[in-house]
Every structure is written in structure tokens, then in C-alpha cells.
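Architecture at a glance
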Amino acid sequence: PTGRNPNPPATVIRTVRKGEIAYSENGSPVDIVEQGDLVATVHKKRRGNDNNNMSAAFDIKVGDGRYINLSDPGSTDDLTKEMKDAARIQLKVLQDQMESLMAKLGN
């Protein structure tokens, strides 16, 4: 068609963020994070170039579109027993993996 820009604007590819919903080409919502998945988000502040300008958030999906944030114990207050069980299992797996990695790194 005439009058259309042949070069569409560049789009940055990224994953779905907490609270966002991805949609298929047909407009159906797509949930790409499974229950028990650990979602890590690292934010870098715009100014400065050192690691002190970075923060990380770790969330575990516990079901029904709900997440718990590892740095916010209050995020578990309203969970069902099944959600708490799922979180407990995933946290134990994460704890075991961290212990193994720390042992390999030494003192």
C-alpha cells in the first residue's frame, strides 16, 4: 500500500514481565511460565557502569497466576496450601543447587 513505511520500527525482543500477559497471533492469552518456574529479572540502573547499579529479583510461580518474591516474605501470606507446597519444593531444589555451587566455589 502506498504511504506505508517499508521499514517497520525496530522491536526489542524480551520475555514477558511479571504482571504482563503474552498473546498468540489469534489473540489468546499465552502463559509461558509453568508452576514452580523460577523467574529472574536483573535491572541495571541507567547511570554508572559498575555492578553496584544492578539489582535482581527472583520470583517463583506458585500457580493460579501468583508469584512469590524471594526477597519479600509477605508475598506468601495469601497462598493456598498447594501453592505453599509448590514453593517449598522449588525453594528446596534451589537451596540444594546453591549449596552445591557454594561448595565448588570454596571458602
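Our structure is the block above this text.
Residues numbered from 1 in each chain as written. Predicted model: local features only at pLDDT ≥ 70, side-chain atom pairs only at ≥ 80, totals over all residues. Heavy atoms only, no water.

1. Regarding the pattern of salt bridges
As a reminder of what qualifies: Salt-bridge detection follows one rule: a side-chain nitrogen of Lys or Arg within 4 Å of a carboxyl oxygen of Asp or Glu. Helix and strand labels come from DSSP, where a helix needs a run of H or I of at least four residues and a strand needs a run of E of at least two; each type is numbered from the N terminus. Here's how the labels work: a residue is buried when its accessible area is under 20% of the maximum for its type, exposed when over 50%, partly exposed in between, all with a 1.4 Å probe on protein chains only.
On inspection of all chains with the given rule, the structure shows three salt bridges. Between Asp 85 and Arg 88 there is a salt bridge, with the nearest N and O atoms lying 2.8 Å from each other. Remark: Arg 88 and Asp 85 occur in helix H1 (residues 81-105); sequence separation between them is three residues, near one turn of the helix. Relative accessible area serves as the criterion here: at 25%, Asp 85 is assigned to the partly exposed category. Close ionic contact of Lys 92 with Asp 96 constitutes a salt bridge, the shortest N to O distance being 2.9 Å. One end of the pair is Lys 92 and the other is Asp 96, both in helix H1 and four residues apart, which spans about a single turn. Ionic contacts of the salt-bridge type, sharing partners, join the residues Lys 81, Asp 85 and Arg 88 into one network.

2. Looking at the nonpolar core
Spelled out, the test is: We define a nonpolar core as any set of buried Ala, Val, Leu, Ile, Met, Phe, Trp, Tyr and Cys residues linked to one another through side-chain atoms lying within 4.5 Å.
In this structure, Ile 60, Val 62, Ile 68, Leu 79, Met 83 and Ala 87 together form the largest nonpolar core, which totals six residues. Mapped onto this core, the elements with two or more residues apiece are strand E4 (54-63) and H1.

3. Re the environment of Asp 78
Examined against the element boundaries, Asp 78 turns out to sit in the loop between strand E5 (66-69) and H1. According to the relative accessible area criterion, Asp 78 is exposed, its value standing at 63%.

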